[in-house]
Amino acid sequence: MELGHLRRILWANMNDGKKQYYVYVMSSYSKRLYTGVTNDLYRRVYEHKHHLIEGFTDRYNLTQLVFYEAGGDINGALSREKQIKG
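Residues numbered from 1 in each chain as written. Predicted model: local features only at pLDDT ≥ 70, side-chain atom pairs only at ≥ 80, totals over all residues. Heavy atoms only, no water.

## Digging into the overall build of the chain
Part 1: What the chain contains, in helices and strands, is four helices and three strands.
Part 2: Taking all 86 residues of the chain together, the buried fraction comes to 30%.
Part 3: Long-range contacts, defined here as pairs at least 24 residues apart, represent 59% of the contacts in the chain between residues at least 6 apart.
Part 4: Accessible surface computed for the chain: about 5,700 Å², of which carbon and sulfur atoms make up 49%. (Helix = DSSP H or I, 4+ residues; strand = E, 2+ residues; numbered from the N terminus. Buried < 20%, exposed > 50% of the residue type's maximum accessible area, 1.4 Å probe, protein only. Contact = heavy atoms within 4.5 Å. Areas by Shrake-Rupley, 256 points an atom, 1.4 Å probe, with all protein chains shown as cover.)

## Describing the sheet that holds strand S1 (residues 21–27)
Part 1: Read across the sheet, three strands follow the order S2-S1-S3 without closing on themselves; strand pairing throughout is antiparallel. Strand pairing shows two members of the sheet lacking a second neighbour, strand S2 (33–38) and strand S3 (64–71), which therefore form its edges. The average undirected angle you get between the axes of adjacent strands in this sheet is 15°.
Part 2: Together, S1, S2 and S3 form the strand contacts of helix H2 (residues 41–49), whose direction differs from that of S1 by roughly 20°. (Pairing = 2+ DSSP bridges. Axes fitted to C-alpha atoms, helices over the stretch in contact; angles between N-to-C directions.)

## What to know about the pattern of salt bridges
Part 1: Enumeration according to the criterion identifies five salt bridges in this entry.
Part 2: Glutamate 81 is paired through a salt bridge with lysine 85; the nearest N and O atoms lie 3.2 Å apart. Of this pair, glutamate 81 and lysine 85 both sit in helix H4 (residues 74–85), four residues apart, which is roughly one turn of the helix.
Part 3: Through salt bridges with shared partners, a single network forms among Asp40, Arg43, Arg44 and Glu47. (Salt bridge = Lys/Arg side-chain N within 4 Å of Asp/Glu carboxyl O.)

## Overview of the nonpolar core
Part 1: Grouped together as the largest cluster of nonpolar side chains are seven residues: Tyr22, Tyr24, Met26, Leu41, Val45, Leu62 and Leu65.
Part 2: Among the elements of the structure, S1 and H2 are those that each provide at least two residues to this core.
Part 3: Per-element accounting of this core gives the leading share, three residues, to S1. (Core = buried A, V, L, I, M, F, W, Y, C linked by side-chain atoms within 4.5 Å.)

## Quick look at a nonpolar patch on the surface
Part 1: Taken together, the side chains of Leu33, Val66 and Phe67 make up a nonpolar region of the molecular surface, amounting to roughly 270 Å² of accessible area.
Part 2: In this fold, leucine 33 is placed in strand S2. (Patch = residues over 30% accessible without salt bridge, like charges linked within 9 Å, V, L, I, M, F, W, Y side chains within 5 Å.)

So, in structure tokens, the structure goes:
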């Protein structure tokens, strides 16, 4: 998903100024997956795409956002992340 497209989607889905939390999955062309939680999906995807943070996603070139869910509760987002990870 391109960053400009993601920005338009997130802007259209803003929840009346309420805090949003996102569970997201990044992938690479080698099909490795990374699941995370953030309160700023656009910023976080940008960081992954531009290798701004060292670690798993940088090492394995995970730059493609393949899935995300939004919600208003951090505990719900963390529970969903654990559920996705298995």
